[in-house]
Each structure stands twice: as structure tokens, then as C-alpha cells.
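Below are the chains, spelled out letter by letter.
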Amino acid sequence: MIYACVPLVEQTLSPHPPLISISGISQGFELLFGVQDFLSLSQKNDTELNTKLNQLPDLLLQACPFGTLLDANLQNSLDSINFASVTHSQKQPAWKVGTYKGKPQVSISITEKVKSMQYDKQDIADTWQVVGTVTCKCDLEGIMPNVTISLSLPTNGSPLQDILVHPCVTSLDSAILTSSSIDAMDDSAFSGPYKFPLTPPLESFNLCYYTSQVPVPPILGFYQMKEEEIQVKITVNLKLHESVKNNFEFCEAHIPFYNRGPITHVEYKVSFGQLEVFREKSSLVWIIGQKFPKSMEINLSGTVTFGAKSHEKQSFDEICIGGTAYLKLHFRILDYTLTGCYADQHSVQVFASGKPKISTHRKLISSDYYIWNSKAPAPVTYGSLLLSESLCLLSESGKVRNKITSRPMRPSGNSR
């Protein structure tokens with residue numbers, strides 16, 4: 001146990017006097033020793049300790065009213081208080097402005113965003129990471145209902161790291177707090193279950209944020225673009241990993257062409273889905289749809305011709321100059337998380353009147369999912385730079401562990 005107090009010091013501290021001469025500090029130490037003696041005296045088990053801890057607030061009111069120490073021997077105050085006559089009605093906390101009246105229900109939603117930078121280059125490792133958010137809404141009657149929410153992983157799930165919890169969480173397993181992505185050599189990853197006992201606020205709140213280092217990105221691909229005067233030739237290959245749920249709410253690949261004129265002509269061949277051409281915006285959108293084919297691999301190739309530049313209408317980008325270009329994936333998969341993280345309805349414990357209806361939801365969303373042209377220079381990101389947008393909610397110290405895995409086969413003639 002740690003004993004601490006904050007003494008009020010009203011005297012001048014310049015020049016700095018010896019600490020022993022400051023009466024507030026001396027009284028603070030005297031009070032702490034008194035509390036320590038009271039809690040440790042004849043303590044035999046946890047039940048007795050809990051009893052004394054429950055008595056402590058009333059004892060401090062007697063021994064140190066309004067912060068003025070009258071008697072550091074708390075046992076003296078104990079003898080003057082009849083705890084049997086002291087009744088504590090549950091008090092409405094200041095941060096909770098009201099109470100809920102109605103049908104009890106608990107809703108838990110897990111949203112994972114996957115970020116990726118893929119280069120298809122031997123000298124630059126691809127990077128990716130998952131950032132998760134668990135959002136809850138607890139409609140429960142009572143002033144201070146208690147809830148315990150558990151997150152679980154399947155046997156092959158990716159451990160959650162860098163976990164940051166809402167202030168309403170009352171306690172945490174130390175293994176949850178120490179699971180960090182900072183130390184790449186740390187093998188002490190905690191695989192759950194992750195239990196969060198809490199006293200929920202009335203409004204919807206983010207129970208926790210986390211990161212995870214999944215072994216592979218959900219979609220691997222390469223993008224090749226070659227300039228030929230007013231034309232560019234493009235080749236795209238995308239492959240859905242076999243472990244990923246092949247059931248999208250939507251899946252699209254956006255291919256912008258910056259610092260060029262409007263698209264005047266497109267010749268293309270696509271193995272799956274359909275291609276939409278936005279001529280004035282100088283961009284292509286490959287609508288993949290809700291499923292990849294059985295082969296889990298799709299291809300797009302074609303030639304795009306541009307007209308004269310019009311600075312008023314055309315998109316400009318300071319990075320994507322010349323061959324430096326990217327393809328950006330947009331997708332969403334419902335009832336699925338890349339880590340495998342889920343909230344089991346039966347594991348949710350509610351200590352309140354009435355049996356609540358418990359609903360759980362989860363989804364995976366792409367976020368800044370880039371595949372860069374492997375035939376030209378590309379900006380390289382390392383560590384937390386890749387995650388700067390999402391980890392501002394967590395910490396600046398997140399670190400992406402580079403991973404190398406088998407990529408889709410390149411078409412013949414394009415191997416390096």
C-alpha cells in the first residue's frame with residue numbers, strides 16, 4: 001500500500017527552509033504514520049483490512065476535520081464512533097448529472113481501423129497496424145450501477161497493446177497496462193481475457209483504445225505506373241489474405257492522377273469488378289464490390305491518356321509528382337475484426353436492477369491504406385508516423401513492427 005497526503009504550507013519558502021521545520025509536512029507525516037498503524041494493527045486477513053478501509057473516511061473526519069490534525073492516533077477516534085449507527089446513502093457523483101429510467105440495455109461496439117503503407121520494394125519494408133476503439137452505451141437504472149465488460153481473443157488472435165481506458169474503469173489487471181508495442185523484443189504479450197470493471201456514465205463513451213501488431217495486412221498488393229508522354233500505363237494486383245472474412249460492406253480502390261490534365265481516354269482490362277472514370281478529377285475508382293473471387297486475387301491493367309492541364313480544375317499535390325503515385329483502398333467488413341477481438345454477451349456482468357439486453361457489434365475499416373507505385377520514389381513512414389492520426393488519442397510512442405511476407409505474384413516480364 002502507498003500512503004500519501006498533501007500538506008498545506010502557507011509560510012514563505014524562499015530561501016528554502018529545512019523540510020523538518022515546515023509544520024504542515026511534519027503533521028502530514030504524523031497523520032500518515034497514524035493511518036499506517038491503524039490499518040496494519042492486528043490485521044489478519046483481507047476482510048479485516050477492507051473493514052478498516054471502510055471505517056477510515058469517518059475516522060479522518062474525527063481525527064483531521066477540514067484537514068486540521070487533532071489526533072494522529074486513529075484508534076482513539078474509533079472508540080468514539082458507533083459505526084452501527086452510521087448509515088451511508090449512495091451519493092450521486094458530481095460527474096453523473098442524472099439517472100436513467102427505462103428498459104436496461106448495454107451496447108458494445110468494437111471498431112478496428114487498419115492502416116498500411118505498401119511499396120513492393122526489396123529495400124523498403126511494408127508497414128501496417130491496427131488501431132481499435134471499444135465504444136459502450138449503458139442504459140441502467142440506479143445511481144452507481146457496476147458493469148464488467150470482457151474482451152476476448154480466439155486462439156490465433158493478435159494480442160492487444162498500448163491499451164488506454166476511460167476514467168470510469170475502476171481497476172485493471174497489471175498485464176493489460178504493461179502490454180506495449182514500444183519494445184519489439186518484449187514477449188510478454190497478454191492474450192486476455194481483458195476485463196474492465198466500471199461504473200458507466202449516462203452517455204455513450206469510448207471504453208478503451210488499443211493497437212495490435214497483426215501478422216499480415218488484410219489485402220496485399222502492388223501498383224506499377226509508367227509514364228509515356230501524355231499517357232500512363234498502370235498495372236494493379238490485389239490479393240485478399242486467406243484468413244480475412246471475404247464479405248465486405250464495400251471495397252474500392254481509388255487511383256488518383258495528380259498534377260495532370262483531365263482524362264481523355266482510358267483503355268483497360270479488369271479481371272473482377274468494374275472501373276469508373278472521373279475525367280475532370282483525373283481519377284479512377286475500381287469498384288471491387290462485396291466479395292473477392294475464389295482465387296482471392298484480382299488484376300487491373302490499362303492505359304490512361306490525359307489532356308492539357310487546367311490549373312483551375314485539376315488536382316494538385318506536392319508529393320505526387322512524376323511517377324510518384326499511389327492507390328488507396330477503401331473497405332469495410334461488418335461483424336469482423338482483424339485481431340479477432342470480440343465481446344462475448346454472456347461474459348458481460350451487470351450489477352444493477354433488472355436483466356439488461358446486451359448487444360455487441362464489431363467492424364473493420366480501412367484508414368490510410370496506401371499502395372505506392374513501385375516504379376518510382378515514394379515517401380517512407382516509420383513507427384508512429386504511420387499512426388499519427390489515430391494514436392493522438394493513445395500516445396505518440398506507438399511503434400509499428402516491420403514485417404515481410406509473401407506478396408502476390410507479379411505478371412511475367414515485370415520481375416526485378
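Residues numbered from 1 in each chain as written. Predicted model: local features only at pLDDT ≥ 70, side-chain atom pairs only at ≥ 80, totals over all residues. Heavy atoms only, no water.

A. Spatial organisation of the overall build of the protein. Of the regular secondary structure elements, the protein holds 5 helices and 17 strands. Out of the 416 residues belonging to the protein, those deemed buried represent 44%. When contacts within the protein are restricted to residue pairs at least 6 apart in sequence, those whose partners lie at least 24 apart make up 77%. With an accessible surface of roughly 22,600 Å², the protein has 53% of that area assigned to carbon and sulfur atoms. (Helix = DSSP H or I, 4+ residues; strand = E, 2+ residues; numbered from the N terminus. Buried < 20%, exposed > 50% of the residue type's maximum accessible area, 1.4 Å probe, protein only. Contact = heavy atoms within 4.5 Å. Areas by Shrake-Rupley, 256 points an atom, 1.4 Å probe, with all protein chains shown as cover.)

B. Fine view of the sheet that holds strand E2 (residues 127–139). Read from one edge of the open sheet, 9 strands run E4-E6-E2-E1-E17-E14-E9-E12-E11, paired in mixed fashion. Two strands lie at the open edges of the sheet, namely strand E4 (161–165) and strand E11 (274–278), each paired on one side alone. Ignoring strand direction, the axes of neighbouring strands in this sheet form an average angle of 15°. Here strand E1 (residues 105–118) pairs with E2 via 13 bridges, running antiparallel. Across the sheet, the residue bridging to Met117 is Thr127, located in E2. (Pairing = 2+ DSSP bridges. Axes fitted to C-alpha atoms, helices over the stretch in contact; angles between N-to-C directions.)

C. Structural context of the sheet that holds strand E8 (residues 231–240). Strand order in the open sheet formed by 4 strands is E7-E8-E13-E10, with antiparallel pairing between adjacent strands. Each edge of the open sheet carries a strand with a single partner, namely strand E7 (219–228) and strand E10 (263–270). Across the sheet, the axes of successive neighbouring strands diverge by a mean angle of 15°, strand direction being ignored. Pairing of E8 with strand E13 (residues 297–306) involves 9 bridges; the strand directions are antiparallel. Residue Val232 lies in a different strand from E13, and its bridge partner there is Val304.

D. How the structure looks around the packing of aromatic side chains. All told, the structure shown has 9 aromatic pairs when counted by the stated rule. Look at Tyr326 and Trp372: their rings are 5.3 Å apart centre to centre, the planes differ by 65°, and that puts the pair in the edge-to-face class. Remark: Trp372 occurs in strand E17 (residues 357–372) and Tyr326 occurs in strand E14 (residues 326–334); sequence separation between them is 46 residues. Trp372 carries the same exposure label as Tyr326, and that label is buried. By the ring-pair criterion, three or more aromatic residues cluster together here, those being Phe248, Phe292, Phe331 and Tyr369. Its end group placed over the ring of Phe38, Lys52 keeps NZ or CZ at 5.2 Å from the ring centre. Lying across the ring of Phe306, Arg260 places its NZ or CZ 5.5 Å from the centre. (Phe/Tyr/Trp six-rings, centres within 6.5 Å; stacked < 30°, edge-to-face > 60°. Lys NZ or Arg CZ within 6 Å of the ring centre and 35° of its normal.)

E. Local environment of the pairing of E13. Among the 10 residues of E13, 7 are classified as buried, and the element is accordingly described as predominantly covered. Of the strand pairs in this sheet, E10 and E13 are connected by 7 bridges, and their pairing is antiparallel. Within E13, the residue paired with His265 across the bridge is Thr305.

F. How the structure looks around the pairing of E11. Pairing between E11 and strand E12 (residues 283–287): 5 bridges, direction antiparallel. Within E12, the position partnered with Val277 by the bridge is Leu284. Where E11 folds back onto E12 in an antiparallel hairpin, the turn is made up of 4 residues, including Ser282, whose phi is positive at roughly 55°.

G. Here's a closer look at helix H2 (residues 46–63). Across its 18 residues, H2 extends 24 Å between first and last C-alpha, which sits within 8% of the 26 Å expected from 1.5 Å per residue. Its maximal kink placed at Leu56, H2 deviates by approximately 40°, while the proline Pro57 follows within four residues. All of the buried residues along H2 are Leu49, Lys52, Gln55, Leu56, Asp58, Leu59 and Ala63. (Expected span 1.5 Å × (residues − 1). Bend = angle between axes of the 7 residues up to and from the residue.)

H. Up close: the nonpolar core. Ranked by internal contacts, the top residues of the largest apolar core, which has 39 residues, are Ile219, Tyr223, Leu238 and Phe257. Counting residues per element, this core draws most heavily on E8, at 5 residues. Residues contacting Tyr223, with those up to four places away along its chain left out, are Ile234, Thr235, Val236, Ile255, Phe257, Ala325, Tyr326, Leu327, Ile371, Trp372, Asn373 and Ser374. Core analysis: the second largest hydrophobic core is formed by 28 residues, Val106, Leu140, Ile176 and Tyr210 among them. (Core = buried A, V, L, I, M, F, W, Y, C linked by side-chain atoms within 4.5 Å.)

I. Representation of the side chain of Thr324 in the model. Along the chain, Thr324 turns up in the loop between E13 and E14. Side-chain polar atoms of Thr324 contact the backbone oxygen of Pro377, separated by 2.9 Å. Residues within four places of Thr324 in sequence aside, it is in contact with Ile319, Trp372, Ala376, Pro377, Ala378 and Pro379. (Polar contact = N/O pair within 3.5 Å; in protein donor to acceptor, adjacent residues only side chain to side chain.)

J. View of the pattern of salt bridges. In this structure the tally under the stated criterion is 7 salt bridges. A salt bridge links Lys137 to Asp139, with the shortest nitrogen-to-oxygen separation between them at 2.5 Å. On the basis of relative accessible area, Asp139 is assigned to the buried category, the value being 11%. Close ionic contact of Asp368 with Lys328 constitutes a salt bridge, the shortest N to O distance being 3.9 Å. Of the two residues, Asp368 is situated in strand E17 and Lys328 in strand E14; the sequence distance between them amounts to 40 residues. Taking the relative accessible area as the measure of exposure, Asp368 reaches 23% and is therefore partly exposed. Look at the salt bridges and you will find they share partners, linking Lys115, Lys328 and Asp368 into a network. (Salt bridge = Lys/Arg side-chain N within 4 Å of Asp/Glu carboxyl O.)

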